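Listed below are the residues making up each chain.
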Amino acid sequence: MIVKKFIPREFAANNYLLYDENLKDAVLFDCAGSNDAIFKFIDENNLNLKYILITHAHFDHVGGLKGFKDKYPNVKVLMAKADEEMYKNLGMQCDLFGQRRVESVKIDEFIDDTKEIEFGDSKIKVISTPGHSKGSVCYLAADNLFAGDTLFLEEIGRCDLPTGSFKEIEHSIKEKLFKLDDNIKVFTGHGDNTTIGHEKIHNAYFGINSIYS
């Protein structure tokens, strides 16, 4: 499996395209923008986009959904049920941040951490990680963790937005993500990538070197 990263100019919320070179199946993690660049890459590589997997329903991570559904009407959009209400209020989110409104699309399936998603010859596991938002999830595909805004390079996602909770993100990271293998690569919702092992040591909040530990 190969991961291709796309970074839109607005808010720099990362999009990740995971694809199988042989089977040509692809999955997009978050849909923040960069639509034209991703469309071009998919077409040039003859990929079959099967799913768009949303890590959480903040507007900067779902702003490109309408364009994708227009181009690929059969692609399935999956998101956590716990973020449904937030998703219904996309317009309000955009207004609060002084941004142009983004159009919503129908969510094809609401998921939780009982869900495993068939992808090629393997499965993508859903890990519920509330804290940045009530419905934040991470997706584990082999040794790749798509973490959204839960875990960043030596940082964590903010918890002061509606449905956010520092106590919940602490539990999500310490009791779920830090239980994963150290070699798991972490593809973050903003900024550079990291690994679980690096964060166990160097994370500013929960690493062993943290002043808060």
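This is a predicted model, so every value here is computed, not measured. (Residues numbered from 1 in each chain as written. Predicted model: local features only at pLDDT ≥ 70, side-chain atom pairs only at ≥ 80, totals over all residues. Heavy atoms only, no water.)

(A) Helix α1 (residues 35-44), seen in detail. What α1 keeps buried is the set N35, I38, F39, F41 and I42. What you see down the axis of α1 is that its buried residues fit within an arc of 165°, all on one side. Opposite the buried face of α1, by more than 90 degrees, sit the exposed residues D36, K40 and E44. In this structure, the buried residues of α1 make contact with β1 (2-6), β2 (15-19), β3 (25-29), β4 (48-53) and α3 (65-71). Among the residues trailing α1, N46 stands out with phi positive, at a value near 55°. (Buried < 20%, exposed > 50% of the residue type's maximum accessible area, 1.4 Å probe, protein only. Helix = DSSP H or I, 4+ residues; strand = E, 2+ residues; numbered from the N terminus. Arc of directions from axis to C-beta. Contact = heavy atoms within 4.5 Å.)

(B) View of empty space enclosed by the protein. As enumerated under the stated definition, the model contains one cavity of 30 Å³ or more in all. Roughly 40 Å³ of internal volume is contained in the largest cavity. Every residue lining the largest cavity is listed: N14, Y16, F29, D30, T55, F146, G148, F187, T188 and G189. Elements supplying a minimum of two residues to the lining of the largest cavity: β10 (144-148) and β13 (185-188). (1 Å grid on protein atoms, 1.4 Å probe; cavity = no way out; pocket = protein on both sides within 12 Å on 5 of 7 lines; lining within 4 Å. Points joined across faces, edges and corners; volume = space filled by probe spheres on them.)

(C) Representation of the sheet that holds β3. Reading across from one edge, β1-β2-β3-β4-β5-β6 is the order of the six strands in this open sheet, with mixed pairing throughout. Two strands in the sheet have a free side with no partner beyond their single neighbour: β1 and β6 (109-111). Between one strand axis and the next, the sheet turns by 25° as a mean value, whatever way the strands run. Here strand β5 (residues 76-80) runs beside β6; their pairing, made up of three bridges, is parallel. Of the residues in β6, the one forming a bridge with A80 is I111. (Pairing = 2+ DSSP bridges. Axes fitted to C-alpha atoms, helices over the stretch in contact; angles between N-to-C directions.)

(D) Fine view of the side chain of H132. Looking at the element boundaries, H132 is found in the loop between β8 (122-128) and β9 (137-141). A distance of 3.1 Å separates the side chain of H132 from the side chain of H58, its partner in a polar contact. Side-chain polar atoms of H132 contact the backbone oxygen of R158, separated by 2.8 Å. Setting aside residues up to four positions removed in sequence, H132 forms contacts with H56, H58, D149, G157, R158, G164 and I169. (Polar contact = N/O pair within 3.5 Å; in protein donor to acceptor, adjacent residues only side chain to side chain.)

(E) The arrangement of the state of the cysteines in detail. On inspection of all chains with the given rule, the structure shows zero disulfides. Take C138: it sits in no disulfide, and the sulfur closest to it among the cysteines is that of C159, at 13 Å. Classification of C138 as buried rests on a relative accessible area of 0%. (Disulfide = S-S within 2.5 Å.)

(F) Summary view of the environment of D160. Looking at the element boundaries, D160 is found in the loop between β12 (155-156) and α6 (166-175). Taking the relative accessible area as the measure of exposure, D160 reaches 56% and is therefore exposed.

(G) Summary view of the pattern of salt bridges. On inspection of all chains with the given rule, the structure shows 15 salt bridges. Across the pair D160 and R158 runs a salt bridge, and its minimum N-O distance is 2.7 Å. Connected through shared salt-bridge partners, K81, E84 and K88 make up one network. (Salt bridge = Lys/Arg side-chain N within 4 Å of Asp/Glu carboxyl O.)

(H) Layout of the environment of F110. You can see F110 is positioned in strand β6. What makes F110 partly exposed here is its relative accessible area of 30%. The sequence separation of F110 and K123 amounts to 13 residues, and the corresponding C-alpha distance is 17 Å. The residues contacting F110, other than those within four sequence positions of it, are M79, A80, K81 and E84.

(I) Spatial organisation of the pairing of β4. As defined by bridge partners, β3 adjoins β4 across five bridges and the pair is classed as parallel. Directly across from F29, in β4, lies its bridge partner L53. With respect to chirality, the unit in which β3 leads through α1 into the neighbouring parallel β4 is right-handed. The pairing of β4 with β5 spans three bridges and is parallel. Within the sheet, the bridge partner assigned to I52 lies in β5 and is V77. (Right-handed = clockwise from strand over helix to strand, strands pointing away.)

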